[in-house]
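Reading the structure
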Amino acid sequence: MSEVKNKIVLSGVQPSGNLHIGNYLGAIKNFVSMQDNYNCFFCIVDLHAITVKHDPKILRKNTLEVAATYIASGIDPKKSIIFNQSSIPAHAELAWIFNCVTRMGWLSRMTQFKDKAGKDKENASSGLFIYPNLMAADILIYKATHVPVGNDQKQHLELTRDIAQKFNRDFDCENFFPIPEPIIDKDISRIMSLKDGNQKMSKSDSSEYSRISLLDESDEIIKKIRKAKTADNLMPEKIEEIIKLDEVNNLLNIYSGFSGTDKQLLIEQYKGQNFSNFKSDLSDVLVEKIKPITVEIKKLMEEKEYILNVLLEGQNKANEVAQETIKQVYDIVGLLRNET
Ligand code: TYM
């Protein structure tokens, strides 16, 4: 095994429907590129998805759909371990222990809780508040060293690092949990809404025109890009000017993320022009890259037995590692476990 292969990657996506190009560029695309060089665990975090109101039938379908999206995007079940979080009880067990390690003050600072709970905090589930402890457990149960995520998860990753450090210190077990490194790409880790360059592209935005879903048909993609907000002036020449135009900068990041062309080269190509050519070329790139994924997701959703088998195989492999860690953790913490 190469040195890098000893490094462990874990990441996850919530099965909350409407997976979009932000999820793809910020996370899934990176998962695919890491699987040759790391031991990878990719989970579908269904326990996270029940921290807000949900429909059980839709949750099951969405769980299969995230698995299908992983595979359709190029995650190879022979190279990476794909599984759903709730199938491995040790995630929830370790999360409970972290509930007792994490300080209330740390959780109170989490901006995602504030965003998701909104004005009615009293009515938010307690699961939503302690959600970051479960996320830390997802990562640390596999002693993951690297975590590819979008920028919105940065604060949760920092908390995970604090939890790992505090656990190691409190229980006098230096280096038991590694301090995981977030892998966050500078330009594509925060893809913004197509309607408002100050809002993150999100599964829960009420407007379909704010995002491009991985299940959108080609004509929908073209229409959404045609309607996407740009600017009144022409494409500027200098990156400093472009950065001031949030929506234009976002479209350039999307273009560069999907085409692999350097942003600077794209600016050279379109500077001084109005945005119609740029938008038409961007639509072509998106259709070319997304269509094969969409077709494959839809095909896989007709082969549920295959997906269930992939998840079962992943569950068996992940469970072996997770059981070993939770056994060690119980021992460290002083919880009595009568082995049979
Ligand atoms: P979730 O399901 O909201 O998003 C999945 C991944 O997509 C990234 N992402 C984005 N990236 C760029 N631009 C965007 N507009 C955008 N929107 C979402 C997210 O950063 C994420 O990487 N809490 C996590 C799931 C999770 C997890 C974990 C991740 C649970 N346990 C352990 C890593 C490790 C979440 O809600 O992601």
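Residues numbered from 1 in each chain as written. Predicted model: local features only at pLDDT ≥ 70, side-chain atom pairs only at ≥ 80, totals over all residues. Heavy atoms only, no water.

**So, the packing of aromatic side chains**
By the definition in use, this model includes 17 aromatic pairs. When the centroid spacing of 5.1 Å and the interplanar angle of 75° are considered together, the rings of Phe 113 and Phe 129 count as edge-to-face. Placement of the pair is Phe 113 in helix 6 (residues 111-117) and Phe 129 in helix 7 (residues 126-140), with a sequence separation of 16 residues. Accessibility expressed as a relative area gives 12% for Phe 113, which makes it buried. Accessibility expressed as a relative area gives 17% for Phe 129, which makes it buried. Each ring, one from Phe 167 and one from Phe 171, has its centre 4.9 Å from the other, and the planes form 45°; the classification is tilted. Relative accessible area serves as the criterion here: at 0%, Phe 167 is assigned to the buried category. Residue class for Phe 171 comes out partly exposed when judged on its relative accessible area of 30%. What links up through ring pairs into an aromatic cluster is the set Phe 98, Phe 167, Phe 171, Phe 176 and Phe 177. (Phe/Tyr/Trp six-rings, centres within 6.5 Å; stacked < 30°, edge-to-face > 60°. Helix = DSSP H or I, 4+ residues; strand = E, 2+ residues; numbered from the N terminus. Buried < 20%, exposed > 50% of the residue type's maximum accessible area, 1.4 Å probe, protein only.)

**As for the environment of Ala 68**
By the secondary structure assignment, Ala 68 is in helix 3 (residues 56-73). Owing to a relative accessible area of 0%, Ala 68 belongs among the buried residues under this scheme. Sequence separation between Ala 68 and Asn 274 is 206 residues; the distance between their C-alpha atoms is 38 Å. Those residues in contact with Ala 68 that sit more than four places away from it in its chain are Ile 297, Leu 300, Met 301 and Ile 307. (Contact = heavy atoms within 4.5 Å.)

**Observations concerning the site of the ligand**
Looking at the ligand, there are 28 residues lining it, with Tyr 131, Asp 138, Asp 152, Ile 191 and Lys 203 nearest. For the ligand, a nitrogen atom lies 3.1 Å from a polar atom in the side chain of Gln 153. Interatomic distance of 2.8 Å between a side-chain N/O atom of Lys 203 and an oxygen atom of the ligand. When the free accessible area of the ligand is taken as 710 Å², the share hidden by the protein chains comes to 97%. Listing elements by their share of the shell around the ligand, those giving two or more residues are strand 1 (8-13), helix 1 (21-34) and helix 7. (Near = heavy atom within 4 Å. Polar contact = N/O pair within 3.5 Å; in protein donor to acceptor, adjacent residues only side chain to side chain. Areas by Shrake-Rupley, 256 points an atom, 1.4 Å probe, with all protein chains shown as cover.)

**So, helix 7**
With 15 residues, helix 7 should reach 21 Å at 1.5 Å per residue; the first-to-last C-alpha distance of 22 Å fits that figure. Along helix 7, the sharpest kink reaches roughly 40°, centred on Pro 132. Summarising burial for helix 7: twelve of the 15 residues are buried, a large majority. (Expected span 1.5 Å × (residues − 1). Bend = angle between axes of the 7 residues up to and from the residue.)

**Some thoughts on unusual backbone geometry**
A positive phi angle, close to 55°, is found at Asn 18, a residue other than glycine. Non-glycine residue Asp 172 carries a positive phi angle of around 50°. Note that Asp 172 resides in the loop between helix 8 (154-170) and strand 5 (181-183).

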